[in-house]
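# Structural overview
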Amino acid sequence: MTTAPLDPTHRFAERALRGEAPSETECLEILDGPDVALLPLLHAAFIPRERHFGRKVMVHILNNVQNGLCPEDCGYCSQSRDSEAAIRKYAMKSDEEILAEAEHAARAGATRYCMVLSGRGPTIERTKKLAGIIRTVKDRYPMEVCLSAGLLEEEHARILAAAGLDRFNHNLNTSESHYEKICTTHTYADRVRTLQAAKKCGIEPCSGLIVGMGEESRDVVEVAFRLRELEVPSIPVNFLIPIEGNPVVDDGTLTPERCLRVLAMMRLVNPTAEIRVAGGREGHLRALGALALWPANSLFVEGYLTTRGDTEDATYRMIRDAGFEVDGNSLYEEAEASAPGKTRFRLAGGEGEILKPDIRRDA
Ligand code: SF4
């Protein structure tokens, strides 16, 4: 009797379980090679995902606490000084508004509440104000709290750490060599230093990338390895959302399969990290959205900073239908236990409108 040979992608899973990454050449094959079939690749990425996170999907809800008015020139961002996108600009929301939105996020099942502020970085005074809000949210709601507020020095990080901040986000976004085509007002080194400052003060760094900004596959591989080297435990993988008026526009490379290959490569290079299928999920993955859950164990619901996304209902249905489990929070789980029934038959259109209008016999 002969034993069927293992699919070649199985070697990636075995190595990921030992904490070893594929080589850079293998990563390029994963992204572009016609010899690496998509479904076996997703299965290989699922094996370390399942080992470290089971079938759970962590849910993040963003609060765009301050929008626009930014002096920086990140080309992908509709809040930058160079963007002509038609967005509403506003200074920092009131504490009451931020806390009301935190309550909404908790009730909607967020594992993490992510507050995001536009701008180069917070002053000490602003940092102390944010620290007060973080303390209150953590006291009131059973959610982790994340913050993205630009560049950070150790002095700021210490204040945020003392308030109990769980994570600080600052994306590397792309490779060092591609970076100057995307942003010139702060450097790659500034970004790395921010992540190191957070980590040194005991805050988990969160950092990821944006794919589809004119980079090559080797840039995507480079940033995956840079995140591994920095031991980043939370990696949002964004797919550029084309916003009219932004300097950096969709480069036309993103197909659902490309997005899935990027997620799988990111999982295999960073097997223990929380890999998040982030901005652009709905628009770029489209009908293949649920397949992202094989490599990724985390996502956003209710949209992104300046663009809409799927609602919590639609997203949770996708998670359950694919055989995964929402890893929400205790407040949400209590509500779920008292009102089950999320697996109902559904069609587009109003409740009870199953018959086509031209078939229905009018009463
Ligand atoms: S990403 Fe942040 S720093 Fe860059 S332009 Fe947008 S708001 Fe400003």
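Structural data are supplied above this passage.
Residues numbered from 1 in each chain as written. Predicted model: local features only at pLDDT ≥ 70, side-chain atom pairs only at ≥ 80, totals over all residues.

Every residue lining the ligand is accounted for by Cys70, Glu72, Cys74, Cys77, Gln79, Ser80, Ser118 and Gly150. By residue class, the composition of the shell around the ligand is 3 nonpolar, 4 polar and 1 charged. (Near = placed C-beta within 6 Å. Nonpolar A, V, L, I, M, F, W, Y, C, P; charged D, E, K, R; others polar.)

Before going further, it helps to examine the environment of Ala162. Structurally, Ala162 can be placed in helix H6 (residues 154-162). Measuring from C-alpha to C-alpha, the distance between Ala162 and Cys201 comes to 9.0 Å, with 39 residues separating the pair along the chain. (Helix = DSSP H or I, 4+ residues; strand = E, 2+ residues; numbered from the N terminus.)

Let us now look at helix H3 (residues 38-53). In this model, H3 (16 residues) spans 22 Å end to end at C-alpha, consistent with the 22 Å of a helix rising 1.5 Å per residue. Leu41, Leu42, Ala44, Ala45, Pro48 and Arg49 are the residues of H3 that are buried. Contacts from the buried residues of H3 go to helix H1 (10-17), helix H2 (24-32) and helix H10 (256-269). Following H3 by one or two positions, Gly54 adopts a phi angle in the positive range, close to 60°. (Expected span 1.5 Å × (residues − 1). Buried ≥ 20, exposed ≤ 12 C-beta atoms within 10 Å, placed from the backbone. Contact = placed C-beta atoms within 7 Å.)

Turning to the nonpolar core, a few remarks are in order. Counting 95 residues, the largest nonpolar core has Ile61, Tyr113, Leu160, Val237, Leu263 and Met265 as the members making the most contacts within it. Ranked by residue count, the leading element in this core is H10, at 9 residues. For Tyr113, the contacting residues outside a window of four places in its chain are Ile61, Asn63, Ala102, Ala105, Val137, Met143 and Val145. (Core = buried A, V, L, I, M, F, W, Y, C linked by C-beta atoms within 7 Å.)

Before going further, it helps to examine the environment of Asp82. Structurally, the position occupied by Asp82 is in the loop between strand E1 (56-66) and helix H4 (95-107). Judged by the 16 C-beta atoms lying within 10 Å of it, Asp82 is partly exposed. Remark: the alpha-carbon pair of Asp82 and Asn246, spanning 164 residues in sequence, is separated by 7.3 Å. Not counting the four nearest positions on each side in its chain, Asp82 is found in contact with Asp73 and Pro247.

By the criterion of burial, E1 is predominantly enclosed, with 9 of the 11 residues buried. Sheet analysis places E1 next to strand E10 (residues 325-327), joined by 3 bridges and oriented parallel. Bridge pairing in E10 places Lys56 opposite Glu325. Relative to strand E2 (residues 112-117), E1 runs parallel, the two being bridged by 6 bridges. Within the sheet, the bridge partner assigned to Asn64 lies in E2 and is Val116. Following the chain from E1 across H4 to the adjacent parallel E2, one finds a crossover that is right-handed. (Pairing = 2+ DSSP bridges. Right-handed = clockwise from strand over helix to strand, strands pointing away.)

Our next topic: the pairing of strand E3 (residues 144-148). Moving residue by residue along a regular strand, the side chains alternate between the two faces of the sheet. Where burial is concerned, most of E3 is hidden: 5 out of the 5 residues are buried. Residues Glu144, Cys146 and Ser148 of E3 are buried on one face, and the alternating residues Val145 and Leu147, pointing to the opposite face, are buried as well. Crossover connection from E2 via helix H5 (residues 124-140) to parallel E3: handedness right-handed. One ladder, built from 2 bridges, connects E3 with strand E4 (residues 167-169); its direction is parallel. Across the sheet, Cys146 pairs through a bridge with Arg167, a residue of E4. Tracing the backbone out of E3, into H6 and back to the parallel element E4 gives a crossover that is right-handed.

Mapping Asp358 onto the fold places it in the segment after helix H13 (330-338). In this structure, the C-alpha to C-alpha distance between Asp358 and Asp310, residues 48 residues apart in sequence, is 30 Å.

Right, let's talk about H4 for a bit. Residues that lie three or four places apart on an α-helix share one face, since the helix turns once every 3.6 residues. Relative to the 18 Å expected for 13 residues at 1.5 Å per residue, H4 spans 18 Å between its end C-alpha atoms, a close match to the ideal helical length. Contacts from the buried residues of H4 go to E1, E2, H5 and H13.

Turning next to the packing of H4 against H5. Between H4 and H5, the shortest axis-to-axis distance is 10 Å and the interhelical angle comes to 30°. Note on packing geometry: the crossing formed by H4 with H5 is right-handed. Between H4, through Asp95, Ile98, Leu99 and Ala102, and H5, the contact on the second element is made entirely by Ile133, Thr136 and Val137. Class assignment of the residues belonging to the contact of H4 with H5 gives a composition of 5 nonpolar, 1 polar and 1 charged. (Axes fitted to C-alpha atoms, helices over the stretch in contact; angles between N-to-C directions. Left-handed = near helix turned anticlockwise from the far one by under 90°.)

Our focus in this paragraph is the packing of H1 against H3. Between H1 and H3, whose axes approach to 7 Å, the crossing angle comes to 25°. Overall, the two elements H1 and H3 adopt an arrangement that is roughly parallel. In terms of crossing hand, the pair formed by H1 and H3 is right-handed. Residue-level contacts link His10, Phe12, Ala13, Ala16 and Leu17 of H1 to Ala44, Ile47, Pro48 and Arg51 of H3. Its residues assigned to classes, the contact of H1 with H3 shows 7 nonpolar, 1 polar and 1 charged. (Parallel < 35°, antiparallel > 145°, perpendicular 65-115°, else oblique.)

By themselves, these figures tell us nothing about what the structure is for.
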